[in-house]
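Below, each chain spelled out in residue letters.
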Amino acid sequence: MLVGVNEGRVAVAHNLTIKNSLITLKAAYLSGPYPSHEARQRQLNRLRLAIIENKSRLIGAAKTDFSVRSEHDTVLADVIPTISHINYLSKHLREWMKPEKRSSGLEFFPSKVLSEYVPKGVVGIIAPWNYPIQLALVPLATAIAAGNKVMIKLSEYTPAVNAVIKDVLAVLKGDCVVIEGGPDVATEFSHQAFDHLFFTGSTEVGKKVYTAAAQNLVPVTLELGGKSPLIVLEDANIEKVLLDIVFAKNMNAGQVCVAPDYVLVHEAIYDEFIKKLKLQFLKSNTRALKTGILNEAHAQRLKNLMVDAQDRGAKIYHSVELESIHSKEFGTHMVIDPPLDARIMQEEVFGPVLNIIKVQSIAHAKMTVQELGTPLACYLYTNCQIAQNDIRQNLQSGALCINDMLFHVAVPDLPFGGVGSSGFGNYHGKEGFVTFSHCKSIFQSSNNIWRSKLFSKYSHVIQRILTRLYLR
Ligand code: NAD
């Protein structure tokens, strides 16, 4: 009972913090709704320096939060992409902020028309645990570059990283507030009247966030997960595919939103592919510095998915025996020919387990992908131009990589986001700046009275002229 009362008090305290912080941030926004380029640039520089100064603490904190987090994964996939995005924002910000001339047409001569990106106001950001640095700080830096104030809710699974992020963000005092907590706090957070809400996380939670935001007509970006397919055609360079799979399924232990979830292999190379992948998975177990599964509960979820698939007739290849698997040493696993209604084909895997399915043709591969929801990324290995064009134009996905995997996420100039069940909206590239801005239309005339007089005196003549021009 006492615990319940205390928990209740903590929840009320969090709710008050969220509400009060929003009021403070809105007031800060209203006191200077359009920060200059210099002011934004100063904030980006401060943020960049604070991250670099705290990089060793961030690496250590990620090790504390994950069962095992390799320094390699934290540096290469969390810290460096954050800095590279901030550098990219700094480089392009001035040009993006410039108003753009548009055409008013002859009818509105001599008025000028322009479009200009202005800050939206206060942006809410909800972050997941798998890349706790990059997925919190890249949207935050982009929102700051667009001139906004930010309230960010960090993941409850990464308290050590959160503590360092709070120190890092102290350099943006006044522009940004950090909130921590689990689903209760997150639910309260997503119900606030932000000027934009940016969510990264699972599809299930994304639906709740969308519903909550709708109550206040808050525009939303949903960066969700899902099942990203890898299609391997008969002419693919198998050695390259295998090395890339091992890289992708070991990176952060496959806990990556764009990790290949299942592979559709052409029947002509199917047996050879499986035989060779088994060897590669076995080899990769001896690698030092591997990230583990976040915790035992997440490891158990993955085990359950494999057991369910086996019960439904799939063959399983374990590079580490199922009985000895735990979060720190999970190994990599193949689920061969799972039925499409098995849990492992219905849920996102999000771990070092790869489903393998035989296909007869590219049409068969496309049909299978379409049945499993619109993916965040699609990977295609073939040199056949016709097949490349077919997948590019006729199969929907957030992104397409041809003869490669994962790297598209790390290119700052390339927009990143899902479509359909993998979400909507983009960030990275100029699209990130656009996401966090309102594109304001400006119609500008001089205070010369002649056109106003013309319209009031000769509106019937103008109507006749325009009718001739447009409606004949
Ligand atoms: P999650 O959806 O469980 O949690 C994400 C965030 O939402 C956390 O901060 C959590 O506290 C919060 N949350 C929980 N319940 C909520 C609610 N009812 N309302 C509002 N917020 C709530 O996701 P996760 O386990 O942290 O991350 C893994 C998932 O995120 C995977 O599905 C993965 O594919 C996806 N993901 C997507 C991207 C992307 O860029 N598209 C990147 C990384 C991860």
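It is not clear to me how the overall build of the chain should be interpreted in this structure. Could you clarify?
Within the chain, the regular secondary structure consists of 17 helices and 16 strands. In terms of overall dimensions, the chain has a C-alpha envelope of 85 × 65 × 40 Å along the principal axes. The buried share of the chain, taken over its 472 residues, is 52%. Of the contacts formed within the chain by residues at least 6 apart in sequence, a portion of 74% connects residues at least 24 apart. Carbon and sulfur atoms make up 57% of the accessible area of the chain, which totals about 22000 Å². Once the 50 positive and 43 negative side-chain charges of the chain are each reduced to a mean point, those two points are 11 Å apart.

What should I look at first to understand the packing of helix α4 (residues 71-97) against helix α5 (residues 134-145) in this one?
When two helices pack together, their arrangement is given by the angle between the helix axes and the distance between those axes. In the contact formed by α4 and α5, the axes pass within 9 Å of each other and the chain directions differ by 10 degrees. The pairing of α4 with α5 is recorded here as roughly parallel in orientation. Packed against α4, whose contacting residues are Ala 77, Asp 78, Pro 81, Thr 82, His 85, Ile 86, Leu 89 and Leu 93, the element α5 presents Gln 134, Leu 137, Val 138, Ala 141, Thr 142 and Ala 145 at the interface. Here the contact of α4 with α5 is built from residues that sort into nine nonpolar, four polar and one charged.

In this structure, what is going on with the packing of aromatic side chains? I would like to understand it.
Working definition: an aromatic ring pair is given by the centre-to-centre distance plus the angle between the planes. Per the stated rule, a full pass over the model turns up 12 aromatic pairs. Between Phe 66 and Trp 129 the ring centres are 5.8 Å apart and the planes differ by 65 degrees, which places this aromatic pair in the edge-to-face class. One end of the pair, Phe 66, is in the loop between α3 (55-65) and α4; the other, Trp 129, is in the loop between β3 (122-126) and α5, with 63 residues separating them in the sequence. Each member of the pair, Phe 66 as well as Trp 129, carries the same accessibility label: buried.

Hey, could you run me through the domain arrangement of the chain in this one?
Looking at the assigned domains, one finds that the chain contains domain 1 (12-224 + 425-439) and domain 2 (228-409). Using only C-alpha atoms to locate each centre, domain 1 and domain 2 end up separated by 31 Å. Listed as interface residues are 15 residues of domain 1 and, on the opposing side, 19 residues of domain 2. For the pairing of domain 1 and domain 2, the buried interface totals around 1500 Å² over both sides, and the portion due to carbon and sulfur atoms is 57%.

Quick question: what am I supposed to make of the site of the ligand here?
Around the ligand, the structure places 28 residues, and the nearest of them are Ala 127, Glu 156, Ser 202, Leu 224 and Glu 348. Note that an oxygen atom of the ligand is positioned 2.7 Å from one of the backbone N or O atoms of Ala 127. Contact distances for the ligand include 3.4 Å between a nitrogen atom and a backbone N or O atom of Glu 223. For the ligand, the protein covers 91% of the area, taking 840 Å² as the surface of the free molecule. When atoms are counted within 2 Å of each cavity's grid points, the one that captures over half of the ligand is the largest pocket. Only α7 (183-190), β6 (196-200) and α8 (203-214) provide two or more residues apiece to the shell around the ligand. Broken down by element, the shell around the ligand gets its largest block of residues, four residues, from α7. Considering only residue class, the shell around the ligand consists of 15 nonpolar, eight polar and five charged.

Help me out: how do you make sense of the pattern of salt bridges in this one?
Think of it this way: side chains of opposite charge can pair up when their charged atoms draw near. Inspection of every chain in the model, using the stated rule, returns 21 salt bridges. The closest approach of N and O atoms between Asp 78 and Arg 69, which form a salt bridge, is 3.3 Å. Judged by its relative accessible area of 0%, Asp 78 is buried. One salt bridge in this structure joins Glu 156 and Lys 153, with 3.5 Å as the shortest N-O distance. Classification of Glu 156 as partly exposed rests on a relative accessible area of 36%. Through salt bridges with shared partners, a single ionic network connects Glu 239, Glu 272 and Lys 276.

Conventions and cut-offs
Residues numbered from 1 in each chain as written. Predicted model: local features only at pLDDT ≥ 70, side-chain atom pairs only at ≥ 80, totals over all residues. Heavy atoms only, no water. Helix = DSSP H or I, 4+ residues; strand = E, 2+ residues; numbered from the N terminus. Buried < 20%, exposed > 50% of the residue type's maximum accessible area, 1.4 Å probe, protein only. Contact = heavy atoms within 4.5 Å. Areas by Shrake-Rupley, 256 points an atom, 1.4 Å probe, with all protein chains shown as cover. Lys, Arg positive; Asp, Glu negative; His and termini not counted. Charge placed at Lys NZ, Arg CZ, Asp CG, Glu CD. Axes fitted to C-alpha atoms, helices over the stretch in contact; angles between N-to-C directions. Parallel < 35°, antiparallel > 145°, perpendicular 65-115°, else oblique. Nonpolar A, V, L, I, M, F, W, Y, C, P; charged D, E, K, R; others polar. Phe/Tyr/Trp six-rings, centres within 6.5 Å; stacked < 30°, edge-to-face > 60°. Domains from an automatic or database assignment. Buried area = accessible area lost by both parts, 1.4 Å probe. Near = heavy atom within 4 Å. Polar contact = N/O pair within 3.5 Å; in protein donor to acceptor, adjacent residues only side chain to side chain. 1 Å grid on protein atoms, 1.4 Å probe; cavity = no way out; pocket = protein on both sides within 12 Å on 5 of 7 lines; lining within 4 Å. Sits in = over half its atoms within 2 Å of the grid points. Salt bridge = Lys/Arg side-chain N within 4 Å of Asp/Glu carboxyl O.

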